[in-house]
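Read off the chains here:
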Amino acid sequence: MAALKLDSNLRKKEIREAAMMAFKKKGFLNTTMEDVVALTSLSKGGVYYYYKNTVDIMHDIMIDGMHYRVDIIEAALKNGRYKDDDFMAEQLFAKIVDDNPYMDIYVDFLIAKKNNEKLEKLFQELKEETLKEFENLSKDLDISLLNEKLHIYDLLTDMINSFIIGAEILSARENFSENKSLMVEVFKLILNQRRS
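The text that follows walks through the structure, step by step, so that each part is easy to find. (Residues numbered from 1 in each chain as written. Predicted model: local features only at pLDDT ≥ 70, side-chain atom pairs only at ≥ 80, totals over all residues. Heavy atoms only, no water.)

### Concerning the pattern of salt bridges
- Tallying each qualifying case throughout the model produces 14 salt bridges.
- The shortest N-O distance in the salt bridge between D99 and R173 comes to 3.9 Å. Residue D99 is found in the loop between α5 (85–97) and α6 (103–112), and its partner R173 is found in helix α10 (residues 173–178); the two are separated by 74 residues along the sequence.
- Accessibility expressed as a relative area gives 57% for D99, which makes it exposed.
- Among the ionic pairs, K113 bridges to E120, the shortest N-O distance being 2.7 Å.
- Connected through shared salt-bridge partners, D86, E185 and K188 make up one network. (Salt bridge = Lys/Arg side-chain N within 4 Å of Asp/Glu carboxyl O. Helix = DSSP H or I, 4+ residues; strand = E, 2+ residues; numbered from the N terminus. Buried < 20%, exposed > 50% of the residue type's maximum accessible area, 1.4 Å probe, protein only.)

### Observations regarding the packing of aromatic side chains
- The tally for this structure, following the rule as stated, stands at seven aromatic pairs.
- Where F163 meets F187, the ring centres are 6.4 Å apart and the plane angle is 80 degrees; that geometry is what we call edge-to-face. Residue F163 is found in helix α9 (residues 150–169), and its partner F187 is found in helix α11 (residues 180–192); the two are separated by 24 residues along the sequence.
- Note on F163: relative accessible area 24%, which makes it partly exposed.
- Aromatic rings pair up to connect Y106, F109 and F123 into one cluster.
- In this structure, K113 is placed above the aromatic ring of F123, and the distance from its NZ or CZ to the ring centre is 4.3 Å. (Phe/Tyr/Trp six-rings, centres within 6.5 Å; stacked < 30°, edge-to-face > 60°. Lys NZ or Arg CZ within 6 Å of the ring centre and 35° of its normal.)

### Some points on the packing of helix α4 (residues 54–78) against α6
- Axis separation between α4 and α6 bottoms out at 11 Å; the angle between their running directions is 130 degrees. Taken together, the axes of α4 and α6 are oblique relative to one another. Once α4 is placed against α6, the crossing between them reads as left-handed. Contacts between α4 and α6 involve M58, I61 and M62 on the former and, on the latter, I105, Y106 and F109. (Axes fitted to C-alpha atoms, helices over the stretch in contact; angles between N-to-C directions. Parallel < 35°, antiparallel > 145°, perpendicular 65-115°, else oblique. Left-handed = near helix turned anticlockwise from the far one by under 90°. Contact = heavy atoms within 4.5 Å.)

### What to know about unusual backbone geometry
- With a phi angle near 55 degrees, S171 is a residue other than glycine that sits in the positive phi range.
- Topologically, S171 is positioned in the loop between α9 and α10.

### Focus on the side chain of K113
- Within the secondary structure, K113 sits in the loop between α6 and α7 (117–137).
- When its relative accessible area of 15% is taken as the criterion, K113 is described as buried.
- If we skip the residues at most four places from it in the chain, K113 touches L119, E120 and F123.

### Examining the nonpolar core
- Ranked by size, the top nonpolar core spans 57 residues in total, and within it I61, F109 and F187 carry the most contacts.
- In terms of residues, this core owes the most to one element, α4, which gives 11 residues.
- Leave out the neighbours within four places in its chain, and F109 touches M58, M62, L119, L122, F123 and L126. (Core = buried A, V, L, I, M, F, W, Y, C linked by side-chain atoms within 4.5 Å.)

This is the structure we're talking about:
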């Protein structure tokens, strides 16, 4: 039974990796399930067994990206990093300038969701899943803003997404990195609002 589960996970991973290649080449809105199938070793029925559409695949890719970020935060905590607003502000900044394999796909997703009801719904689901993931980290971090003042969480989400789009679309990653201390201070000011 465990081997079957592993095969299932490997197949889904292959599909997500194929979709990432297709999304990067054609853009999310222009990618069809047939494009994804063509980049896998699976049959069309095999791909559709795991994913019904590209939105479902995007969901799991975004979850992979969320786990990527959570793993980075957990590693920093295990290395004894301080657990206050400074730490959280640094982590928020790091998310913006991290040039990881998910970033350009995430930006494409953010832009595509503007006029797509399914993607907007997915975005809201992902926000909730991210909140839950951070609640799991809450024993190690003071992230009471997520529970006490959701408007602060929404503000941070909107700011981070705006900066991520700027880093990718406007090629501002280097400029942001050069101004890290200023940006971290802005995040610290926002994080401090939860105590007001």
